[in-house]
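Chains, contacts and geometry: an overview
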Amino acid sequence: MSSTDVMVSRAHRIPVVARSVRLVPVLLVCCALAVTACGGGVHGGPGGSGVRDPYVPKAGNGGYDVTHYGLRLAYDPAAHHLTGTATLTARATETLSAFNLDLLGLEVGKVTVGGETARWNRAGQELTVRPSEDLDRGETFRVTVGYSGAPETVTDPDGSREGWLRTTDGALALGEPTGSMAWFPGNHHPSDKAAYDLTVTVPRGLRAVSNGELRGETTARGRTTFTWRTAEPMASYLATLAIGDFDISRSTARDGLPVYTAVDPAEQEASRAVLARIPEVLRWAERRFGPYPFSSTGAIVDRAADVGYALETQTRPVFPGAPGITLLVHELAHQWYGDSVTPKSWRDMWLNEGFATYAEWLWREDHGGETAQETFDALYDHGDQTYEGLWSFPPAEPSDAAHLSGAPVYQRGAMVLHKVRQTVGDEVFGDILRGWTTTHRHGNADTADFTAYVEKQAPGKNFDGIWEAWLYGEGKPDTP
């Protein structure tokens, strides 16, 4: 998401079942938590109903790691009805008698685990699944969920909208931080990344655009089916699906990298020139940040009134109307910082937004605009007049979920990076920018990982003052 967008809109139990044990004490062993059937003995427990993220504690689930999502969807915009089958391939990280999936709204029809019908129940956003047999730690399993209904739009604590957004001619699915659970069941926390195969059927004449590469498009009986594949690991909040009337452009960037853009016809003329600069921005970004981490790139441009903000959806960022060059740079920089190197928790949001904001500073510096030092100085002197609450909390510790996209996360996060640059010099700082994306490519990292990495790259420098005053300190530091 961009710092500009923050100013607009941003810039988300299992009940215990009592059992009688009056006559046969051995049943105590077989009926623990009423999760598994008697016979082989109970040796597993239920997975967690959240990963206890400090800002969205119910998001994600414990006990397993998803490696692949296979989603088969059909959507009728006129009826606002979604039908889906989600098949998740996962590995149990502990022995499980039950596990949870995040799914908001929508009606569940059937659940299977390993092809066998499984029991399940709903409680809020939690879909609790009880396989017929325990899943052993380290075991790979498949869970399939059939579901349907009217997908919901989610309002975040900061007032912005995500989930399934109805648009003038279709729909747009956005997921930061938790909206993806409004259109498919899963482990919806950035710490669990997976590959995706998405097949979606829509009325003929509409297009369905998602992440990754388009692998197929067929039309029959008045409906068109699109198949998309994302081979590189992706956090669920970065998954997107845009359904509507789009002008499609296909081209290539360096070394034949596919560029696929989908633009609402009303935004086509205003978007043409800036989207044509995607290859140029990527060439610049590769020099600054290292090799592009994915196998395709592009953009989705929808009508501003239908979207409201830009988002760094993987390989194909979404824009609310025609973007300017700075916004394009910001969202493409996120492909390295946020999409490839993804935060371990939402506490680490500044690792996404601070880096993408600093990319804006570097772009201006490298293209005849103000230097990063001039941007830093102006922010220190007058930034609180432009960005509300700039000094209200430290970037590494947002005050609450409503401020995950607050100005300190973006602007002060970028200031932290500039302080590092001042300390180590341009050459080492360039190595840090590129090395960070290489070290954690397609993985997850947190603030402690970053500070340790910086200190390792410049062992003769003392960063304590930067971490204490700029990264974790309350209020405006005494000196710039």
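Structure: see above.
The structure contained in this document is the topic of the report that follows. (Residues numbered from 1 in each chain as written. Predicted model: local features only at pLDDT ≥ 70, side-chain atom pairs only at ≥ 80, totals over all residues. Heavy atoms only, no water.)

**Overview of the packing of aromatic side chains**
All chains considered together, the criterion is met by 30 aromatic pairs. Summarising the aromatic geometry, the rings of W183 and F184 are spaced 4.7 Å apart at their centres and angled 80° between planes, so their arrangement reads as edge-to-face. Residue F184 is classed as buried on the basis of its relative accessible area of 0%. Ring centres 5.7 Å apart and planes at 65° place the aromatic pair F289 and W336 in the edge-to-face group. You can see F289 sitting in helix α4 (residues 278–289) and its partner W336 sitting in the loop between α6 (325–333) and β22 (342–343), a full 47 residues away along the chain. The ring of Y380 has K476 lying over it, and the distance from NZ or CZ to the ring centre is 4.3 Å. (Phe/Tyr/Trp six-rings, centres within 6.5 Å; stacked < 30°, edge-to-face > 60°. Buried < 20%, exposed > 50% of the residue type's maximum accessible area, 1.4 Å probe, protein only. Helix = DSSP H or I, 4+ residues; strand = E, 2+ residues; numbered from the N terminus. Lys NZ or Arg CZ within 6 Å of the ring centre and 35° of its normal.)

**Focus on the pairing of strand β8 (residues 126–130)**
Burial runs high along β8: 5 of the 5 residues are buried. Residues E126, T128 and R130 point to one face of β8 and L127 and V129 to the other, with burial holding for every one of them. As defined by bridge partners, strand β4 (residues 96–102) adjoins β8 across 4 bridges and the pair is classed as antiparallel. By the bridge assignment, N100 is partnered in β8 with T128. Two strands pair when backbone bridges link them, and strand β7 (residues 119–123) and β8 are joined in this way by 5 bridges, in the antiparallel orientation. By the bridge assignment, N121 is partnered in β8 with T128. (Pairing = 2+ DSSP bridges.)

**Comments concerning the nonpolar core**
Grouped together as the largest cluster of nonpolar side chains are 134 residues, with contacts concentrated most on F99, W183, L241 and F289. Ranked by residue count, the leading element in this core is helix α9 (residues 407–424), at 9 residues. The contacts of F289, once residues within four sequence positions are left out, are W284, A333, W336, Y337, A359, L362, L433, R434 and T437. (Core = buried A, V, L, I, M, F, W, Y, C linked by side-chain atoms within 4.5 Å. Contact = heavy atoms within 4.5 Å.)

**Looking at the sheet that holds strand β3 (residues 81–92)**
Strand pairing in a sheet relies on backbone hydrogen bonds, with the paired strands running either antiparallel or parallel. Overall, mixed pairing links the 8 strands, which are arranged β6-β5-β9-β3-β2-β13-β16-β15 in an open sheet. If you trace the sheet from one side to the other, it starts and ends with β6 (116–117) and β15 (213–220), each paired once. Bridging between strand β5 (residues 107–113) and β6 involves 2 bridges; their strand directions are antiparallel. Residue pairing for β6: V113 is matched across the bridge by E116.

**Re α6**
Most of α6 is tucked away, with 7 of its 9 residues classed as buried. Taken as a whole, α6 has its buried residues at L327, L328, V329, H330, E331, L332 and A333.

**A look at the packing of helix α8 (residues 372–386) against α9**
Taken N-terminus to C-terminus, the directions of α8 and α9 make an angle of 130°; their axes are 10 Å apart at the nearest point. As summarised for this structure, α8 and α9 are arranged oblique, according to the angle between their axes. The way α8 lies across α9 gives a crossing that is left-handed. Together, A372, Q373, F376, L379 and Y380 of α8 and Q411, M415, H418, K419, R421 and Q422 of α9 make up the contact between the two elements. Residue classes in the contact of α8 with α9 are distributed as 5 nonpolar, 4 polar and 2 charged. (Axes fitted to C-alpha atoms, helices over the stretch in contact; angles between N-to-C directions. Parallel < 35°, antiparallel > 145°, perpendicular 65-115°, else oblique. Left-handed = near helix turned anticlockwise from the far one by under 90°. Nonpolar A, V, L, I, M, F, W, Y, C, P; charged D, E, K, R; others polar.)

**Thoughts on the side chain of S340**
Within the secondary structure, S340 sits in the loop between α6 and β22. Among the polar contacts listed, one links the side chain of S340 to the backbone nitrogen of H442, at a separation of 3.0 Å. Every residue in contact with S340, bar those within four places of it in the chain, is listed here: K193, P293, F294, Q335, H440, R441, H442 and G443. (Polar contact = N/O pair within 3.5 Å; in protein donor to acceptor, adjacent residues only side chain to side chain.)

**Concerning a negative patch on the surface**
On the surface, a cluster of negative charge is made up of E116, E133, D136 and E139. The topology assignment puts E133 in the loop between β8 and β9 (140–149). According to the relative accessible area criterion, E133 is exposed, its value standing at 61%. (Patch = residues over 30% accessible without salt bridge, like charges linked within 9 Å, V, L, I, M, F, W, Y side chains within 5 Å. Areas by Shrake-Rupley, 256 points an atom, 1.4 Å probe, with all protein chains shown as cover. Salt bridge = Lys/Arg side-chain N within 4 Å of Asp/Glu carboxyl O. Lys, Arg positive; Asp, Glu negative; His and termini not counted. Charge placed at Lys NZ, Arg CZ, Asp CG, Glu CD.)

**Notes on the packing of α4 against helix α7 (residues 350–366)**
Viewed as axis vectors pointing N to C, α4 and α7 meet at an angle of 105°, and their least axial separation amounts to 12 Å. Between α4 and α7, the interaxial angle falls into the category roughly perpendicular. For the pair α4 and α7, contact is made by E280, V281, W284, R288 and F289 and by A359, L362, W363, E365 and D366, respectively.

**Some remarks on the sheet that holds strand β14 (residues 207–210)**
The strand order across the open sheet built from 5 strands is β10-β11-β12-β17-β14, with neighbouring strands paired in antiparallel fashion. The open sheet terminates on both sides in strands that have one partner only, identified here as β10 (153–155) and β14. In this sheet, neighbouring strand axes are inclined to one another by 20° on average, regardless of whether the strands run parallel or antiparallel. In this sheet, strand β12 (residues 171–174) lies alongside strand β11 (residues 161–166) in antiparallel orientation, the contact comprising 4 bridges. Paired with G163 across the two strands is L174, which belongs to β12.

**Points about empty space enclosed by the protein**
Leftover empty space is mapped by rolling, across the atoms, a probe with the size of a water molecule. Size it by volume and the second largest cavity reaches roughly 60 Å³. L71, W183, Y196, L198, S210, N211, W228, R229, T230, M234, A239 and T240 together form the lining of the second largest cavity. Only β13 (193–203) and β16 (223–235) provide two or more residues apiece to the lining of the second largest cavity. Among the elements that make up the lining of the second largest cavity, the one with the highest residue count is β16 (4 residues). In terms of residue class, the lining of the second largest cavity is made up of 7 nonpolar, 4 polar and 1 charged. (1 Å grid on protein atoms, 1.4 Å probe; cavity = no way out; pocket = protein on both sides within 12 Å on 5 of 7 lines; lining within 4 Å. Points joined across faces, edges and corners; volume = space filled by probe spheres on them.)

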